[in-house]
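Given next are the chains, with one letter for each unit.
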Amino acid sequence: MSNYKEDENQLNLLRNGGEAVWQQFYDKHRGPFRAFFMQYGRMSPEEAAGLLQDAMVVFHYNATTGKLAAPLQSNLKTYLIGIGKVLHRRKGGNTAGWDDQIPDEPVAPIADRIADQEAAAKMARALLDRIGEPCRSLLEMVYIKEFVMEAVAENLGLPSEGAARKRKFDCLQKMKELLK
Amino acid sequence: MHTEDYDIAIIEQYLAGQLEAGAAARFEAQLAKDDTLQADTAQYRRLFDGLAALRSQAYSDKIAGWEAEAQLIENEAALAPVLEGLAALRSEQLRDKMTGWETVHQSAATTEKTAIVKTLRPVFVRRLAVAASILLLAGAGLSWYASQRYSAESLVADYYRMPNVGNTMGSEQTMQGRLGARFAEAHRLMEKKSYAEALIAFGEVLTLSRSAGLDETRMRYYSDQVSWNRVLILLAQGAAEPELRAALDKVLDDPKNEYHPKAVALKEQLDSFWRKLVW
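Asker: Looking at this structure, I do not really get the overall build of chain B. What am I missing?
Answerer: Helix and strand content of chain B: 11 helices and zero strands. Ordered by position in the sequence, the α and β elements of chain B form the string α-α-α-α-α-α-α-α-α-α-α. Burial status across chain B gives 36% buried among its 279 residues. In chain B, 59% of the contacts between residues at least 6 apart in sequence involve partners at least 24 apart.

Asker: How should the overall build of chain A be read in this particular structure?
Answerer: Within chain A, the regular secondary structure consists of eight helices and zero strands. N-terminal to C-terminal, the α/β element order of chain A is α-α-α-α-α-α-α-α. Counting across all 180 residues of chain A, residues that qualify as buried make up 47%. Relative to all contacts within chain A whose residues are 6 or more apart in sequence, the contacts with residues 24 or more apart total 60%. Of the accessible surface of chain A, which amounts to about 8,700 Å², a share of 48% is contributed by carbon and sulfur atoms.

Asker: So what exactly am I meant to see when it comes to the environment of Ala108(A) here?
Answerer: Along the chain, Ala108(A) turns up in helix H5 (residues 108–131). Ala108(A) sits 26 residues away from Gly82(A) along the chain, and the two C-alpha atoms are 8.7 Å apart.

Asker: I keep staring at the packing of helix H8 (residues 216–236) of chain B against helix H9 (residues 241–252) of chain B and nothing clicks. Help me out?
Answerer: Packed helices, taken two at a time, are described by the angle between their axes plus the distance between the axes. All names here are of chain B. Two numbers describe how H8 lies on H9: the axes approach to 9 Å, and their chain directions differ by 160 degrees. Here H9 runs roughly antiparallel to H8, going by the angle between their axes. Where H8 crosses over H9, the two elements pack in a sense that is left-handed. For the pair formed by H8 and H9, the contact residues are Ser227, Trp228, Arg230, Val231, Leu234 and Leu235 on the first element and Glu243, Leu244, Ala247, Leu248 and Val251 on the second. For the contact of H8 with H9, the residue count by class is eight nonpolar, one polar and two charged.

Asker: Whenever I open this one, the pattern of salt bridges confuses me. Can you help?
Answerer: Side chains that differ in charge, positive against negative, can pair when their charged atoms come close. Residue and element names in this part refer to chain B. Summed over all chains, the structure comprises 19 salt bridges over all chains. As a salt-bridge pair, Lys193 and Glu153 come within 3.8 Å of each other at their nearest N and O atoms. Taken as a pair, Lys193 in the loop between helix H6 (175–191) and helix H7 (195–211) and Glu153 in helix H5 (residues 152–159) lie far apart in primary sequence, 40 residues in all. Of the two residues, Lys193 and Glu153, both sit in the exposed class. Between Asp224 and Arg220 there is a salt bridge; the shortest N-O distance is 2.9 Å. A residue pair is termed a helical-turn pair when its members lie 3 or 4 positions apart in one helix, as Asp224 and Arg220 do in helix H8 at four residues. Judged by relative accessible area, Asp224 falls into the buried class, the value being 2%.

Asker: Would you mind going over the interface of chain A and chain B with me for this structure?
Answerer: When the parts of a complex come together, some accessible area is lost, and that lost area is often used as the size of the interface. Taken together, the 44 residues of chain A in the interface contact 42 residues of chain B. Between chain A and chain B we count three salt bridges in total. For the salt bridge of Glu12(B) with Lys168(A), the shortest nitrogen-to-oxygen distance reads 3.1 Å. Linking chain A with chain B are nine residue pairs in polar contact (both at pLDDT 80 or more), by the criterion used here. At the level of secondary structure, the elements contributing two or more residues to the side of chain A that touches chain B comprise helix H2 (19–39), helix H3 (45–64), H5, helix H6 (135–144), helix H7 (149–156) and helix H8 (161–179) of chain A. When residues in the side of chain A that touches chain B are grouped by element, the largest group, nine residues, is from H8(A). Partitioned by chemical class, the residues of the side of chain A that touches chain B number 21 nonpolar, nine polar and 14 charged.

Asker: Where do I start with the environment of Glu46(A) in this structure?
Answerer: By the element assignment, Glu46(A) lies in helix H3. Taking relative accessible area as the criterion, Glu46(A) reaches 58% and is therefore assigned exposed.

Asker: I keep staring at the packing of aromatic side chains and nothing clicks. Help me out?
Answerer: Taken as a whole and assessed by the stated rule, the structure comprises 15 aromatic pairs over all chains. Among the aromatic residues, those joined into a cluster by ring pairs are Trp22(A), Phe25(A), Phe59(A) and Tyr59(B).

Asker: I tried to follow the state of the cysteines on my own but got confused; where do I start?
Answerer: Disulfides are covalent bonds that connect the sulfur atoms of two cysteines. Residue and element names in this part refer to chain A. Evaluated as defined, the whole model comprises one disulfide over all chains. With its sulfur 2.1 Å from that of its partner, Cys135 forms a disulfide with Cys171. Disulfide Cys135-Cys171: torsion about the S-S bond near -80 degrees, hence left-handed. In this pair, Cys135 sits in helix H6 while Cys171 sits in helix H8, placing the two residues 36 residues apart along the sequence. Summarising the burial analysis for this pair, Cys135 and Cys171 share the class buried.

Asker: Would you take a moment to explain H3(A) for this structure?
Answerer: The periodicity of an α-helix, 3.6 residues per turn, causes residues three or four places apart in sequence to face the same way. The end-to-end C-alpha distance of H3(A), which contains 20 residues, comes to 28 Å, matching closely the 28 Å that a straight helix rising 1.5 Å per residue would cover. Among the 20 residues that make up H3(A), 15 are buried, leaving the element largely enclosed by the rest of the structure.

Asker: Help me understand the side chain of Lys85(A), please; the structure alone is not making it clear to me.
Answerer: All names here are of chain A. Locating Lys85 in the fold gives a position in helix H4 (residues 76–90). You can call Lys85 buried: its relative accessible area is 1%. When neighbours within four sequence positions are excluded, Lys85 is seen to be in contact with Phe37, Thr95, Trp98, Asp99, Ile102 and Asp104.

Asker: Whenever I open this one, helix H10 (residues 260–271) of chain B confuses me. Can you help?
Answerer: Its 12 residues give H10(B) an end-to-end C-alpha distance of 16 Å, which sits within 8% of 16 Å, the value for a rise of 1.5 Å per residue. Within the sequence span of H10(B), burial applies to His260(B), Ala263(B), Leu266(B), Gln269(B) and Leu270(B).

Asker: What's the story with the nonpolar core in this structure? I'm lost.
Answerer: Proteins that are soluble and globular tend to have nonpolar side chains buried together. If you look at the biggest cluster of nonpolar residues, it comprises 83 residues, and the most contacted ones within it are Leu139(A), Leu172(A), Trp228(B) and Leu266(B). Aside from chain neighbours lying at most four places away, what touches Leu266(B) is Leu155(B), Tyr159(B), Trp228(B), Val231(B), Leu235(B) and Leu248(B). In terms of nonpolar packing, the next biggest core, distinct from the first, is built from 36 residues, Val57(A), Ala63(A), Tyr79(A) and Leu80(A) among them.

Asker: Would you mind showing me how to read unusual backbone geometry here?
Answerer: In most cases, non-glycine residues show a negative phi, while peptide bonds are predominantly trans. All names here are of chain A. Each neighbour pair has its own omega, and for Ala70 with Pro71 the value is -5 degrees, a cis peptide bond. On the secondary structure map, Pro71 appears in the loop between H3 and H4. Note the cis peptide between Glu133 and Pro134, where omega equals 0 degrees. Considering the arrangement of structural elements, one finds Pro134 in the loop between H5 and H6. Although it is not a glycine, Glu146 adopts a positive phi angle of roughly 60 degrees.

Scoring rules and cut-offs
Residues numbered from 1 in each chain as written. Chains lettered and ligands numbered in written order. Predicted model: local features only at pLDDT ≥ 70, side-chain atom pairs only at ≥ 80, totals over all residues. Heavy atoms only, no water. Helix = DSSP H or I, 4+ residues; strand = E, 2+ residues; numbered from the N terminus. Buried < 20%, exposed > 50% of the residue type's maximum accessible area, 1.4 Å probe, protein only. Contact = heavy atoms within 4.5 Å. Areas by Shrake-Rupley, 256 points an atom, 1.4 Å probe, with all protein chains shown as cover. Axes fitted to C-alpha atoms, helices over the stretch in contact; angles between N-to-C directions. Parallel < 35°, antiparallel > 145°, perpendicular 65-115°, else oblique. Left-handed = near helix turned anticlockwise from the far one by under 90°. Nonpolar A, V, L, I, M, F, W, Y, C, P; charged D, E, K, R; others polar. Salt bridge = Lys/Arg side-chain N within 4 Å of Asp/Glu carboxyl O. Polar contact = N/O pair within 3.5 Å; in protein donor to acceptor, adjacent residues only side chain to side chain. Phe/Tyr/Trp six-rings, centres within 6.5 Å; stacked < 30°, edge-to-face > 60°. Disulfide = S-S within 2.5 Å. Expected span 1.5 Å × (residues − 1). Core = buried A, V, L, I, M, F, W, Y, C linked by side-chain atoms within 4.5 Å.

Below, the structure written as structure tokens:
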């Protein structure tokens with residue numbers, strides 16, 4: 001039995017939910033996150049807000065790709081603040097005086113992946129830049145802007161959702177060829 | 001479905017953990033004995049990871065919007081005492097006005113008394129009192145006129161028009177659907193005079209319009225709507241003069257803005273003598 005059932009349910013909601021669920025999550029954790037880094041990291045409110053946004057990007061990637069999944073080793077707030085701590089360290093910040101406030105263990109696998117995430121984003125961006133239109137727009141609509149296929153078809157002037165889906169697979173295949 | 005497409009669809013679902021247990025087991029069995037499928041799956045995993053990482057990066061724009069909203073709400077709370085103070089000042093101004101009205105009433109009463117005891121005062125004093133009364137009445141009348149025509153409330157009522165927002169039900173699945181729905185909501189909030197919420201909603205409209213894949217004409221439509229309604233909201237909220245002027249200048253500086261002529265007219269009214277008489 002997991003000790004973090006409620007957080008696992010929340011994670012599941014985030015993974016499958018839309019923007020509103022993420023905004024709710026952001027609003028819920030914004031105060032505690034900023035307060036933590038303003039107190040322990042001696043950050044200004046603006047610096048803490050900037051760090052929160054960076055931490056949210058890392059958290060979003062791990063949550064939506066299933067890299068952060070049940071069973072959780074900690075609650076989601078600890079994960080988010082832990083990611084913030086790792087990012088703060090990466091920018092040369094000192095956490096020595098308050099390291100024990102947030103344990104490193106649960107966040108360690110995520111921290112190890114931050115560089116991979118940045119490299120993956122860089123690789124995908126480079127491939128999208130090379131793939132040309134309309135594949136670039138189509139893949140961005142599907143995978144980055146999260147348009148439904150109907151909207152993709154509408155935006156690209158394709159006759160149907162099915163046609164858009166077929167074009168998506170063609171573009172993915174083309175992108176895979178570029179990867180070689 | 002094309003065979004290759006079918007394979008990609010299955011690989012994508014498998015990597016996303018969306019295959020049912022039976023289908024996943026069949027796929028894994030095939031994967032174990034097919035080197036090409038293994039290589040393809042590994043490559044698609046890299047692609048989907050890269051696209052997911054880009055999607056998460058793109059979220060930082062949205063997060064920035066949420067932060068702006070949160071700060072706005074925070075600032076509203078922080079500004080509450082200031083706004084209350086300004087409201088108190090406005091009430092104090094009303095007290096001054098009432099004093100003026102009272103003087104008019106008293107002057108009128110004095111004139112009546114003077115009429116009764118007219119033999120006791122020289123004619124020129126009586127005429128002076130009547131003239132003063134007329135001046136005071138005229139002043140109050142002018143101030144009333146200015147308030148009716150040039151107060152923030154009147155100006156907003158004159159300039160705000162609800163556009164045809166159409167039927168936005170059931171279309172929130174698409175980015176354009178969400179944009180349409182939020183736009184309609186922003187105008188409903190304007191109609192309800194919930195200006196702080198309308199300001200947030202228009203901010204979201206602007207963000208959504210930039211990522212909804214609109215053509216230039218539609219982008220321009222939403223951008224013009226947002227910039228003009230922002231002016232009206234700041235006016236209605238009694239925002240600081242520099243903030244209001246900066247928002248108005250943004251519309252004035254863009255002759256292609258649909259609301260440019262209205263902005264010119266509004267500026268004239270804000271600069272007019274009458275506006276200074278508004279209490």
